[in-house]
Amino acid sequence: MAFSTLIIGYGSIGKRHTDILNKMNEFSCITVLTSQKGLPFKTITSLEDIPALNPDYLVVSSSTSQHYSQLEFIEENLKGKIILMEKPLFEEYHEYEIKNNQVYVGYNLRFHPMVKKIREFIFGKKLWIIQVFCGSYLPDWRPERDYRETSSAKITSGGGVLLDLSHELNLVQWLAGSIDVKHAVNENVSNLEIDSDDLLLFSGKTDGGSHVHISLNYFTRKPLRQIIIEGDGISIRGDIITNTLSLVENGMVSDYSWPDFERNETYLAQHRAAIEDDLSTICTYEEGLETMRLVESIRSFGKR
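Once that is clear, we can look at the overall build of the protein chain. From N to C terminus, the protein chain includes eight helices and 15 strands. Relative to a compact globule of 304 residues, whose C-alpha radius of gyration would be 19 Å, the protein chain shows 19 Å and is just as compact. Principal-axis analysis of the C-alpha atoms places the extent of the protein chain at approximately 60 × 45 × 35 Å. Counting over 304 residues, the protein chain shows a buried share of 52%.

As structure tokens, this is what we get:
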């Protein structure tokens with residue numbers, strides 16, 4: 001079966017999804033909801049056009065601030081569809097129940113082979129600390145665009161590191177379970193010309209007793225994305241940029257690398273998992289909501 005497909009939004013991530021799906025045999029009749037002209041795909045310009053189109057598979061890759069209203073419209077007007085919401089799920093937590101469709105959230109980092117290896121390695125282990133750092137320079141993200149005009153730069157579009165880089169929050173939840181906030185700093189501190197938050201310093205503790213420290217920012221000039229885990233008899237160093245991993249268990253060192261790995265492989269695997277209802281790795285709607293609960297806990301801490 002080939003799935004008729006609708007992509008909502010044709011920014012950088014929408015274009016990536018469209019290009020990937022267009023090369024997969026599982027997907028056909030690709031349509032894009034956008035105001036852009038001259039695309040090599042059929043286009044529609046309004047949510048109201050969706051019911052007549054009646055796609056099997058929908059990817060919501062619009063600005064985060066639009067996610068809730070768009071999902072609400074789809075849920076009220078379509079049934080039995082598969083929906084992939086780009087991360088984060090919403091711009092703020094919404095207690096919204098899905099009854100008519102199957103919804104997933106696009107935390108594709110879960111499909112990285114290094115991350116899957118870490119999850120396999122720590123299964124059943126007592127973890128003491130999990131430290132995550134993700135820093136890069138926002139103006140370098142999309143060199144062809146003025147960074148000040150991107151959604152990341154604008155609070156009203158759902159920008160800011162807390163939402164934009166919530167991959168790391170979701171990743172730690174997937175690896176170690178729910179997180180209770182102990183301390184959080186979420187502010188705009190740099191000289192970037194943006195009104196969104198560009199720094200998150202977060203400390204918490206998982207239900208299993210692991211201490212968590214996550215640092216995210218928009219202003220690190222040389223990108224760095226690492227995860228460090230220490231536990232009973234184990235030590236882990238993972239680098240998501242170099243695709244390398246060092247595991248130490250009871251004094252024995254194992255090094256792994258994925259030199260030919262490409263990020264699009266995670267998106268491809270995620271789309272296949274969605275249409276096959278393979279829940280082993282993909283982020284479910286409920287898990288996406290749990291990440292939004294953590295986001296709101298961090299925001300609330302900063303207002304104390």
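Pairing between strand β8 (residues 179-187) and strand β9 (residues 199-206): eight bridges, direction antiparallel. Across the sheet, D180 pairs through a bridge with K205, a residue of β9. Sheet topology places β9 next to strand β10 (residues 211-217); seven bridges connect them, and they run antiparallel. Bridge assignment links L199 to a residue of β10, and that residue is N217.

Here we take up the sheet that holds strand β2 (residues 27-33). An order of β3-β2-β1-β4-β5-β6-β15 is seen for the seven strands of this open sheet, with the pairing classed as mixed. A single partner strand is all that each edge strand has here, and the edge strands are β3 (42-44) and β15 (283-284). With four bridges connecting them, strand β1 (residues 3-8) and strand β4 (residues 57-60) associate as parallel partners. Residue pairing across strands places I8 opposite V60, the latter belonging to β4. Those strands touched by helix α7 (residues 264-276) are β1, β2, β4, β5 (82-86) and β6 (102-106), and its axis lies near 145° from that of β5.

A few words on the sheet that holds strand β13 (residues 244-249). Overall, mixed pairing links the eight strands, which are arranged β8-β9-β10-β7-β11-β12-β13-β14 in an open sheet. Two strands bound the open sheet, and with one partner strand each, they are β8 and β14 (252-257). This sheet shows a mean twist of 10° between the axes of neighbouring strands, independent of strand direction. Across six bridges, the pairing between strand β12 (residues 234-239) and β13 is antiparallel. The partner of I234 across the bridge, within β13, is E249. Against the sheet, helix α4 (residues 113-122) contacts β7 (127-137), β11 (219-231), β12, β13 and β14, and its axis sits at roughly 10° relative to β13.

About the thresholds
- Residues numbered from 1 in each chain as written.
- Predicted model: local features only at pLDDT ≥ 70, side-chain atom pairs only at ≥ 80, totals over all residues.
- Heavy atoms only, no water.
- Helix = DSSP H or I, 4+ residues; strand = E, 2+ residues; numbered from the N terminus.
- Rg over C-alpha atoms; globule rule 2.2 N^0.38 Å.
- Buried < 20%, exposed > 50% of the residue type's maximum accessible area, 1.4 Å probe, protein only.
- Pairing = 2+ DSSP bridges.
- Contact = heavy atoms within 4.5 Å.
- Axes fitted to C-alpha atoms, helices over the stretch in contact; angles between N-to-C directions.

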